[in-house]
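A closer look at the structure
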Amino acid sequence: MAAIHLDRTDLMLLAELQRAGRQTNAELAERVHLSASACLRRVQRLEREGVIAGYRAELDGDRLGLGLQAFVRVHLARHDAASIAAFAAHVNDWPEVVACHALTGDMDYLLHVAVGGLEHFSRFLLDKLLAQAGVADVNSSFVLRTVKAFRGLPLPAS
């Protein structure tokens, strides 16, 4: 899908919505120096064109009892279309996997996993990932500390 043209005001709107997505349209309009109606029209256009893909709450994993995060690199045993589709179906069914990326290089996928602790991670790894998904090899790294969390996508210069 091709990128769409975004002017300076569109970029300001997107930056503000990434920073604080729950602000009212009136607050957003004031921050980007538009009338409320012009602001609403622009946001609706950005939603229609798929630039704004959705809205969600940012949750604190520690407060939810999901204090252990890991990045798991996965190498599949087979690389035919059926094996890849089966792996993708499993990953999408597992709530522990918060993101999954297909990779280039020596591993096929990178999973971002959030679990309650080492026991939960062990059950996920042994009972799900290794037992069900056609995985030949995994390599796991645990998050010790998050230096920079995802805060939104970098926006192009106007």
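Because the structure is a prediction, the values reported are computed rather than measured. (Residues numbered from 1 in each chain as written. Predicted model: local features only at pLDDT ≥ 70, side-chain atom pairs only at ≥ 80, totals over all residues. Heavy atoms only, no water.)

Attention shifts here to the sheet that holds strand 2 (residues 97-102). The four strands are arranged 2-3-1-4 in an open sheet whose pairing can be described as antiparallel. Lying at the two open borders of the sheet, with one neighbouring strand each, are strand 2 and strand 4 (135-142). With strand direction ignored, the average angle separating the axes of adjacent strands in the sheet is 20°. Here strand 1 (residues 68-76) pairs with strand 3 (residues 109-115) via seven bridges, running antiparallel. Pairing of Leu-68 across the sheet is with Val-115, part of strand 3. Each of strand 1, strand 2, strand 3 and strand 4 is contacted by helix 5 (residues 118-132), which is oriented at about 160° to strand 4, the strand it contacts most. (Pairing = 2+ DSSP bridges. Helix = DSSP H or I, 4+ residues; strand = E, 2+ residues; numbered from the N terminus. Axes fitted to C-alpha atoms, helices over the stretch in contact; angles between N-to-C directions. Contact = heavy atoms within 4.5 Å.)

Here we come to helix 3 (residues 36-48). The end-to-end C-alpha distance of helix 3, which contains 13 residues, comes to 18 Å, matching closely the 18 Å that a straight helix rising 1.5 Å per residue would cover. Listed as buried for helix 3 are Ala-38, Cys-39, Val-43 and Leu-46. The buried residues of helix 3 occupy one face: seen down the axis, they fall within an arc of 130°. Away from the buried face of helix 3 by more than 90 degrees, exposed residues Arg-41 and Arg-48 are located. Those residues of helix 3 hidden inside the fold are in contact with helix 1 (8-19) and helix 2 (25-32). In the segment just after helix 3, Gly-50 is the residue with positive phi, at about 80°. (Expected span 1.5 Å × (residues − 1). Buried < 20%, exposed > 50% of the residue type's maximum accessible area, 1.4 Å probe, protein only. Arc of directions from axis to C-beta.)

A separate point is the packing of helix 1 against helix 2. Between helix 1 and helix 2, whose axes approach to 10 Å, the crossing angle comes to 130°. By the criterion of interaxial angle, the relationship of helix 1 to helix 2 is oblique. Classified by chirality, the crossing of helix 2 by helix 1 is right-handed. Here Met-12, Leu-13, Glu-16, Leu-17 and Arg-19 of helix 1 come into contact with helix 2, specifically with Leu-28, Arg-31 and Val-32. For the contact of helix 1 with helix 2, the residue count by class is five nonpolar, no polar and three charged. (Parallel < 35°, antiparallel > 145°, perpendicular 65-115°, else oblique. Left-handed = near helix turned anticlockwise from the far one by under 90°. Nonpolar A, V, L, I, M, F, W, Y, C, P; charged D, E, K, R; others polar.)

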